[in-house]
Amino acid sequence: MDAHSVDTLTKHEQILRHIEDLKLGSRISVRKIAKNMEVSEGTAYRAIKEAENQGLVSTKERIGTVRVEKKLRQNIDKLTFAEVVNMVDGQVLGGAKGLHKTLHKFVIGAMEQDAMMRYIEAGSLLIVGNRNKAHLCALEQGAGVLITGGFNTSPEVKVLADELELPIISSSYDTFTVASMINRAIYDRLIKKKIMLVEDILASGAALFALKANSTLKDWQRMSEDTGYSRFPVVDEWNRIIGVVTSKDMVGASAQQSVDKLMTRNPLTVSPQTSVASAAHMMVWEGIELLPVVDMNRKIVGVLNRSDILKAMQSIQKQPQNGETFEDLIWSGMEEVRDEKGKLQFHGVITPQMTNHLGTVSEGVLTTLMTQAAYRIVQEHKKGDLVMDNMSTYFLKPLQIDSKIEIRPTIIEVSRKFGKIDVEIYHAGALVSKAMLTAQVI
């Protein structure tokens, strides 16, 4: 029994399907949708809002709500000129038809024009002040222009920008501020890009096998033989998840016994936007092998098993680490060393960014340092990721700026699924912080 064969849709889903089928650029209104789909305006409004959340439609000033192309998450590191306008609170002086174009390079115009032109190429953005000749040359090279300081440009530049469909943007911010804002936005996108979501590992178009509430032991056996699986989600007539059934549930059941009497009700589920790390934590913590993926209406859209999660976690480990989080920045100053017995330690210095308003190191920073040290010493003995269960910390003495510290992690026990680690931080030979961690190994 294939869950995809259930084609009964609610009015809400019918409206979403209708919106998906509309041509790009089509105007959408609550009244028009309500009339065409023969639903109430309230139902139409909620569906249009859902479509906006999914990126299917967009509300534009003076135009209204229109059908737009859904942006793929894989292009999250690609910026458009329109997004730059929003970042810098800019005003478009010309070339508005090219706002949808993506750009891949930024050039700061803090040099002579001849030298500047060597770095400008098609698809780039020149960030410069009120230098009209530079504006013209950049457009001729196929680049957009961002004018800082709130300056305008000449009518000639605006006409050329409109002809080439390359945006000319003016921002009241100075060059340094604009460059910092854009750089921060790109950095944040790179961090988001490396966070793998459940929707990234769900096989597109793959058959989804599910049982009905009135399915029997024979149905389960037949599906198990056809698929090679022994665990299946159970759905109602609307394709909404109501339970999960496994081979253990079927032990001792009669041939005609319906699965709704045997299944585990109200199973844990995740959405497509849940991170893979969160899904892994849930499966490890709860000891489950099957995790249904549902949409906001609790309709099933896919299923994850433990092997899917493990493959995804291995893939994450192989990805290049683009963009640094606060955790990465805190740990970046730590140096890996070995004592005379070959035991792993970490040495570093307390930087001003690690301190609180009193000038001493933040307890949160110390916790991060001890957690990272624990992860790294476990990975030396056993490959895999840790999911924190519990951590008891003790802060014995305050640490000042520029204090040199030693982090000494010690493994107490590591099994196939579980780990206990003791971590101590020393300064000038004195113990200043200590933690006992317990974690599950993925």
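Treat the numbers as computed from the prediction; the structure is a model and nothing was measured. (Residues numbered from 1 in each chain as written. Predicted model: local features only at pLDDT ≥ 70, side-chain atom pairs only at ≥ 80, totals over all residues. Heavy atoms only, no water.)

Turning our eyes to something else, we now look at the overall build of the protein. On a plain count of helices and strands, the protein comes out with 15 helices and 22 strands. Split into buried and exposed, the 442 residues of the protein put 41% on the buried side. Of the contacts made within the protein by residues no fewer than 6 positions apart, 55% connect residues no fewer than 24 positions apart. Surface exposure of the protein reaches about 24300 Å², of which carbon and sulfur atoms provide 50%. (Helix = DSSP H or I, 4+ residues; strand = E, 2+ residues; numbered from the N terminus. Buried < 20%, exposed > 50% of the residue type's maximum accessible area, 1.4 Å probe, protein only. Contact = heavy atoms within 4.5 Å. Areas by Shrake-Rupley, 256 points an atom, 1.4 Å probe, with all protein chains shown as cover.)

What follows covers the side chain of Asp422. Along the chain, Asp422 turns up in strand S21 (residues 418-427). Asp422 sits in the buried class, given a relative accessible area of 10%. There is a polar contact of 2.8 Å between the side chain of Asp422 and the side chain of Lys434. Sequence-distant contacts of Asp422, that is, excluding residues within four places in its chain, are made with Arg408, Pro409, Thr410, Ile412, Lys434, Ala435 and Met436. (Polar contact = N/O pair within 3.5 Å; in protein donor to acceptor, adjacent residues only side chain to side chain.)

Because the α-helix completes a turn every 3.6 residues, residues three or four places apart line up on one side. Between its terminal C-alpha atoms helix H3 (residues 41-53) stretches 18 Å, which fits the 18 Å expected from 13 residues at 1.5 Å a residue. Turning to H3, its buried residues number three or more, namely Thr43, Ala44, Ala47, Ile48, Glu50 and Ala51. Along the axis of H3, the buried positions cluster into a sector of 160 degrees, meaning they face one direction only. The outward face of H3, more than 90 degrees from its buried face, is lined by the exposed residues Arg46 and Asn53. (Expected span 1.5 Å × (residues − 1). Arc of directions from axis to C-beta.)

This part is about helix H15 (residues 363-381). Relative to the 27 Å expected for 19 residues at 1.5 Å per residue, H15 spans 28 Å between its end C-alpha atoms, a close match to the ideal helical length. For H15, every residue scored as buried is listed here: Val365, Leu366, Thr368, Leu369, Met370, Thr371, Gln372, Ala373, Ala374, Ile377 and Val378. The distance from a side-chain oxygen at the start of H15 to the backbone nitrogen of Gly364 is 3.1 Å, and the residue carrying that oxygen is Ser362.

Our focus in this paragraph is the side chain of Asp236. By the element assignment, Asp236 lies in the loop between strand S12 (232-235) and strand S13 (241-245). Within the structure, the side chain of Asp236 is placed 2.9 Å from the backbone nitrogen of Trp238, a separation counted as a polar contact. One polar contact links the side chain of Asp236 to the main-chain amide nitrogen of Arg240, over a distance of 2.9 Å. Excluding its chain neighbours within four sequence positions, the residues that come into contact with Asp236 are Lys212 and Ile242.

The next thing to look at is the packing of aromatic side chains. Evaluation of the coordinates by the stated rule reveals one aromatic pair. A ring pair is formed by Trp331 and Phe346, whose centres lie 5.0 Å apart and whose planes are at 65 degrees; its orientation type is edge-to-face. In this pair, Trp331 is assigned in helix H14 (residues 326-331) and Phe346 in strand S18 (residues 344-349), connecting sequence segments 15 residues apart. There is no split in this pair, since Trp331 and Phe346 are both buried. Directly above the aromatic system of Tyr426 lies the positively charged group of Arg408, at a separation of 3.9 Å from the ring centroid. (Phe/Tyr/Trp six-rings, centres within 6.5 Å; stacked < 30°, edge-to-face > 60°. Lys NZ or Arg CZ within 6 Å of the ring centre and 35° of its normal.)

To continue, consider the sheet that holds strand S9 (residues 144-147). Across the sheet, five strands lie side by side as S5-S10-S9-S8-S7; this open sheet has mixed pairing. Strand pairing shows two members of the sheet lacking a second neighbour, strand S5 (91-94) and strand S7 (105-108), which therefore form its edges. Strand-to-strand, the axes of this sheet are offset by a mean angle of 25 degrees, without reference to chain direction. Pairing of strand S8 (residues 124-128) with S9 involves four bridges; the strand directions are parallel. Residue pairing in the sheet places Leu125 in a bridge with Gly144 of S9. Sitting on the sheet, helix H6 (residues 132-140) is in contact with S8, S9 and strand S10 (168-170), with an inclination near 155 degrees to S9. (Pairing = 2+ DSSP bridges. Axes fitted to C-alpha atoms, helices over the stretch in contact; angles between N-to-C directions.)

With that settled, the discussion passes to the packing of helix H2 (residues 30-37) against H3. In contact at an axis separation of 8 Å, H2 and H3 are set at 115 degrees when each is read in the N-to-C sense. Our classification of the angle between H2 and H3 gives roughly perpendicular. Crossing handedness for the pair H2 and H3: right-handed. Here Val30, Arg31, Ile33 and Ala34 of H2 come into contact with H3, specifically with Glu41, Ala44, Tyr45 and Ile48. Of the residues assigned to the contact of H2 with H3, the class counts are six nonpolar, no polar and two charged. (Parallel < 35°, antiparallel > 145°, perpendicular 65-115°, else oblique. Left-handed = near helix turned anticlockwise from the far one by under 90°. Nonpolar A, V, L, I, M, F, W, Y, C, P; charged D, E, K, R; others polar.)

Moving on, we get to the sheet that holds strand S20 (residues 404-414). The six strands are arranged S17-S18-S20-S21-S22-S19 in an open sheet whose pairing can be described as antiparallel. Across the chains shown, the open sheet's two edge strands, defined by having one partner strand only, are strand S17 (335-338) and strand S19 (386-395). Averaged over neighbouring strand pairs, the angle between their axes works out to 25 degrees when direction is ignored. By the bridge criterion, eight bridges tie S20 to S21 in an arrangement that is antiparallel. Looking across to S21, one finds that Arg408 is bridged to Glu424. Sheet strands in contact with H15 are S17, S18, S19, S20, S21 and strand S22 (430-441), and its direction is about 130 degrees off that of S19.

On to the pattern of salt bridges, then. Summed over the entire model, instances satisfying the criterion amount to eight salt bridges. For the salt bridge of Arg408 with Glu406, the shortest nitrogen-to-oxygen distance reads 2.8 Å. Relative accessible area serves as the criterion here: at 26%, Arg408 is assigned to the partly exposed category. Under the relative-accessibility criterion, Glu406 is labelled partly exposed at 27%. In this structure, a network of salt bridges that share partners links the residues Asp422, Glu424 and Lys434. (Salt bridge = Lys/Arg side-chain N within 4 Å of Asp/Glu carboxyl O.)

In the Ramachandran plot, Glu38 falls in the positive-phi region, its phi being about 55 degrees despite a non-glycine side chain. The residue Glu38 is located in the loop between H2 and H3 in this model. Residues other than glycine seldom take positive phi values, yet Asn239 does so here, at roughly 70 degrees. Positionally, Asn239 belongs in the loop between S12 and S13.

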